[in-house]
Amino acid sequence: MYSVALTDVGRRRLINQDTVYISDVPIGVLPNLYIVADGMGGEKAGDYASKSLIGYMLTYIENTMKMPIVAIRESIEYANENLFAEGSKNPNLTGMGTTVVAASIIDNILHVFNVGDSRCYILDDKDIYQITKDHSLVEMLVSKGEITRESDEYKENKSKITRAVGAEARVLIDSFEVELLGNEYVLLCSDGLTNMVDDRKIFNIISSGAGVESSAKRLIEEANLSGGSDNISILLIDMNAR
């Protein structure tokens, strides 16, 4: 298993409010840990939110004896509690929040947790599969049959999320478990990639055999060539690497 993480400010933003964390080695009760967070808020509040989320998560994980899966979920809840409290007390941080997609691979099982619209994908030799579900206004409308993903309304409102860490006193966290065969790639990313580059092109780039470093750089290049309207973060894991 080998992994790489890259983040880029994009072409239209002045500040990178994304933060990534990568550890192929044990941290606390976890054998490995991978996180992508996309902050939101005025001035530097989004940048602060994404960085602080990861800081709070690591603090919790490094100091708990809970079971690994419980530890990840509770670390996000711990981050939410602290970010919400900070936002309530500090006017400069009011309204801040952050998405999170966090993963750990334990005994060939991929455990994924997400809040917001940062995503996790698995790619095998045949296709790309989105594991997480976006917590966004448009996805909620799609699920109700009110709009389609091809509609203009969907494209114009993709950035409006319905959940974020730190936005409310309590946070709802989705979780997923996927058994891995060992020949897959695992991709965690912010919407700065997926809003600019479609799933088929992502699959073609990663499955080209160029390696995870080259593939990650190419994905960022493609997002910027398509407009680079947001910060772009990519965390790519090659399960077949030795």
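Everything below is about the structure printed above this text.
Just so it is clear, the model here is predicted, and its values are computed rather than measured. (Residues numbered from 1 in each chain as written. Predicted model: local features only at pLDDT ≥ 70, side-chain atom pairs only at ≥ 80, totals over all residues. Heavy atoms only, no water.)

Can you help me understand the overall build of the protein chain in this one?
Assigned secondary structure in the protein chain consists of 7 helices and 11 strands. Over its C-alpha atoms the protein chain spans a radius of gyration of 17 Å, differing by no more than 12% from the 18 Å that the globule rule assigns to 242 residues. By principal-axis analysis of the C-alpha atoms, the protein chain measures approximately 50 × 45 × 35 Å. Burial status across the protein chain gives 53% buried among its 242 residues. Long-range contacts, defined as pairs at least 24 residues apart, comprise 68% of the intrachain contacts of the protein chain with a sequence gap of at least 6. Accessible surface for the protein chain amounts to roughly 11400 Å². Of this, 48% is attributable to carbon and sulfur atoms. Computing the positive centroid from 23 side-chain charges and the negative centroid from 36, the protein chain places the two 3 Å apart. (Helix = DSSP H or I, 4+ residues; strand = E, 2+ residues; numbered from the N terminus. Rg over C-alpha atoms; globule rule 2.2 N^0.38 Å. Buried < 20%, exposed > 50% of the residue type's maximum accessible area, 1.4 Å probe, protein only. Contact = heavy atoms within 4.5 Å. Areas by Shrake-Rupley, 256 points an atom, 1.4 Å probe, with all protein chains shown as cover. Lys, Arg positive; Asp, Glu negative; His and termini not counted. Charge placed at Lys NZ, Arg CZ, Asp CG, Glu CD.)

How should empty space enclosed by the protein be read in this particular structure?
Summary: where empty space remains is shown by rolling a probe the size of a single water molecule over the atoms. Within the structure shown, the criterion is met by 1 cavity of 30 Å³ or more. Put simply, the largest cavity is a space of about 60 Å³. Of the residues that constitute the lining of the largest cavity, the class distribution is 2 nonpolar, 3 polar and 5 charged. (1 Å grid on protein atoms, 1.4 Å probe; cavity = no way out; pocket = protein on both sides within 12 Å on 5 of 7 lines; lining within 4 Å. Points joined across faces, edges and corners; volume = space filled by probe spheres on them. Nonpolar A, V, L, I, M, F, W, Y, C, P; charged D, E, K, R; others polar.)

Even after reading the chapter, I still don't get the sheet that holds strand S1 (residues 2-8), so can you show me in this structure?
Sheet strands associate in pairs through backbone hydrogen bonding, adopting either a parallel or an antiparallel arrangement. The sheet built from 5 strands is open, its strands ordered S1-S11-S10-S7-S8 with antiparallel pairing. The open sheet has two free edges, formed respectively by S1 and strand S8 (128-130), since each of these has just one partner strand. Strand-to-strand twist across the sheet, computed as the mean angle between neighbouring axes with direction ignored, equals 20 degrees. As defined by bridge partners, strand S7 (residues 119-123) adjoins strand S10 (residues 185-189) across 5 bridges and the pair is classed as antiparallel. Each residue of the ladder has a partner; that of Tyr-121, found in S10, is Leu-187. Packed onto the sheet, helix H6 (residues 199-206) meets S7, S8, S10 and strand S11 (232-238) and runs at close to 55 degrees relative to S7. (Pairing = 2+ DSSP bridges. Axes fitted to C-alpha atoms, helices over the stretch in contact; angles between N-to-C directions.)

I tried to follow the pairing of strand S3 (residues 33-40) on my own but got confused; where do I start?
Each regular strand shows side chains that alternate between the opposite faces of the sheet. Most of S3 is tucked away, with 7 of its 8 residues classed as buried. Pairing geometry for strand S2 (residues 18-23) and S3, over 6 bridges, is antiparallel. Within S3, the position partnered with Val-20 by the bridge is Val-36. Of the pairings in the sheet, the one linking S3 to strand S5 (residues 100-106) comprises 3 bridges and is antiparallel in character. Across the sheet, Val-36 pairs through a bridge with Val-101, a residue of S5.

Would you mind showing me how to read the environment of Asn-92 here?
Assignment of secondary structure puts Asn-92 in the loop between helix H2 (68-89) and strand S4 (97-98). Sequence separation between Asn-92 and Ala-45 is 47 residues; the distance between their C-alpha atoms is 7.1 Å.

It is not clear to me how helix H7 (residues 212-225) should be interpreted in this structure. Could you clarify?
Helical geometry: 3.6 residues make up each α-helical turn, so side chains three or four residues apart lie on a common side. Here H7 spans 20 Å end to end across 14 residues, near enough to the 20 Å set by a 1.5 Å rise per residue. Where H7 is buried, its residues touch S1, S10, helix H5 (191-194), H6 and S11. The first or second residue beyond H7 is Gly-227, which carries a positive phi of 135 degrees. (Expected span 1.5 Å × (residues − 1).)

Quick question: what am I supposed to make of the environment of Ala-79 here?
By secondary structure assignment, the location of Ala-79 is in helix H2. Every residue in contact with Ala-79, bar those within four places of it in the chain, is listed here: Leu-53, Tyr-56, Met-57 and Val-165.

Can you walk me through the packing of aromatic side chains in this structure?
In this description, a pair of aromatic rings is defined by centroid distance and the angle of the planes. Evaluated as defined, the whole model comprises 2 aromatic pairs. Aromatic pair Tyr-56 and Tyr-78: ring centres 5.8 Å apart, planes at 85 degrees, arrangement edge-to-face. You can see Tyr-56 sitting in helix H1 (residues 45-62) and its partner Tyr-78 sitting in helix H2, a full 22 residues away along the chain. Ring centres 5.6 Å apart and planes at 40 degrees place the aromatic pair Tyr-60 and Tyr-78 in the tilted group. With a gap of 18 residues between them, Tyr-60 in helix H1 and Tyr-78 in helix H2 connect regions that are remote in the sequence. We classify Tyr-78 as partly exposed; its relative accessible area is 28%. Taken together, Tyr-56, Tyr-60 and Tyr-78 form an aromatic cluster joined through their ring pairs. (Phe/Tyr/Trp six-rings, centres within 6.5 Å; stacked < 30°, edge-to-face > 60°.)

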